[in-house]
Amino acid sequence: MRRFAASLRADLSAVRAAFVSPWSNGQVEGQINRLKFLKRQMYGRAKLDLLRLRVLHPN
């Protein structure tokens with residue numbers, strides 16, 4: 001717990017900015033997570049063209 005607190009203190013400006021800033025990476029992280037999931041799911045089964053179709057047209 002002390003090591004975690006020390007790491008937070010070392011980067012205190014970034015921690016404060018995370019609470020104050022109206023900007024978020026949440027949407028981007030969600031899309032990256034979705035893409036990685038699709039790649040893992042289709043590993044060895046499909047080539048790039050099918051992966052491109054699944055990413056661009058998810059329905």
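Here the structure is a predicted model, which means the values were calculated and not measured.

K.L.:
Please clarify how the overall build of the protein chain should be interpreted in this entry.
P.N.:
Looking only at helices and strands, one finds four helices and zero strands in the protein chain. Order of helices (α) and strands (β) in the protein chain, N terminus to C terminus: α-α-α-α. With respect to the three principal axes, the spread of C-alpha positions in the protein chain is 45 × 25 × 15 Å. Across the 59 residues of the protein chain, 5% fall into the buried class. On the protein chain, roughly 6,000 Å² of surface is accessible, and the fraction owed to carbon and sulfur atoms is 59%.

K.L.:
Quick question: what am I supposed to make of the packing of helix H3 (residues 26-41) against helix H4 (residues 48-56) here?
P.N.:
For any two helices packed against each other, one specifies the crossing angle of their axes together with the interaxial distance. With their axes 11 Å apart at the nearest point, H3 and H4 run at an angle of 145° to one another. When the axes of H3 and H4 are compared, the crossing they make is right-handed. In this structure, H3 uses Arg34, Leu35, Leu38, Lys39 and Gln41 to contact H4, whose residues at the interface are Leu51, Arg54 and Val55. Split into classes, the residues belonging to the contact of H3 with H4 amount to four nonpolar, one polar and three charged.

K.L.:
Please explain a nonpolar patch on the surface as it appears in this structure.
P.N.:
Nonpolar side chains collect at one region of the surface, where Met1, Phe4 and Leu8 lie side by side and expose about 380 Å² of accessible area between them. Within the secondary structure, Leu8 is located in helix H1 (residues 2-10).

K.L.:
Explanation requested: the confidence of the model for the protein chain in the structure shown.
P.N.:
Detailed reading of the predicted model is not advised wherever pLDDT is low. Predicted confidence across the protein chain gives a mean pLDDT of 84, with 95% of residues reaching 70 or more. Of all helices and strands in the protein chain, the one with the weakest mean pLDDT is H4 (77), whereas H1 scores best (92).

Parameters and conventions
- Counting restarts for each chain: residues are numbered from 1 in the order of the written sequence.
- In keeping with the predicted nature of the model, local features appear solely for residues at pLDDT of at least 70, side-chain atom pairs appear and are counted solely at 80 or more, and the whole-chain, interface and lining totals rest on all residues.
- Heavy atoms throughout the structure, all of them, feed into the side-chain values; hydrogens and water do not.
- Secondary structure follows DSSP: runs of H or I at least 4 residues long count as helices, runs of E at least 2 residues long count as strands, and numbering of each begins at the N terminus.
- Summary of the burial criterion: residues with accessible area below 20% of their type's maximum are buried, those above 50% are exposed, and those between are partly exposed, where the area comes from a 1.4 Å probe applied to protein chains only.
- Only the protein chains shown count as cover for residues, with accessible areas throughout obtained via the Shrake-Rupley method and a probe of 1.4 Å.
- Note on geometry: axes are lines fitted to C-alpha atoms, helical ones only across the stretch in contact, with angles between N-to-C directions running from 0 to 180 degrees.
- A crossing counts as left-handed when the near helix is turned anticlockwise from the far one by less than a right angle, and as right-handed when that turn is clockwise.
- Two residues form a contact once any of their heavy atoms are found within 4.5 Å.
- Residue classes follow a fixed rule: Ala, Val, Leu, Ile, Met, Phe, Trp, Tyr, Cys and Pro count as nonpolar, while Asp, Glu, Lys and Arg count as charged, and any other residue, Gly among them, counts as polar.
- Each patch is built from residues lacking any salt bridge and having more than 30% relative accessible area; the joining distance is 9 Å for like charges and 5 Å for nonpolar side chains (Val, Leu, Ile, Met, Phe, Trp, Tyr).
- Think of a salt bridge as a Lys or Arg side-chain nitrogen and an Asp or Glu carboxyl oxygen that are within 4 Å of each other.
- Think of pLDDT as the predictor's per-residue confidence, scored from 0 to 100.

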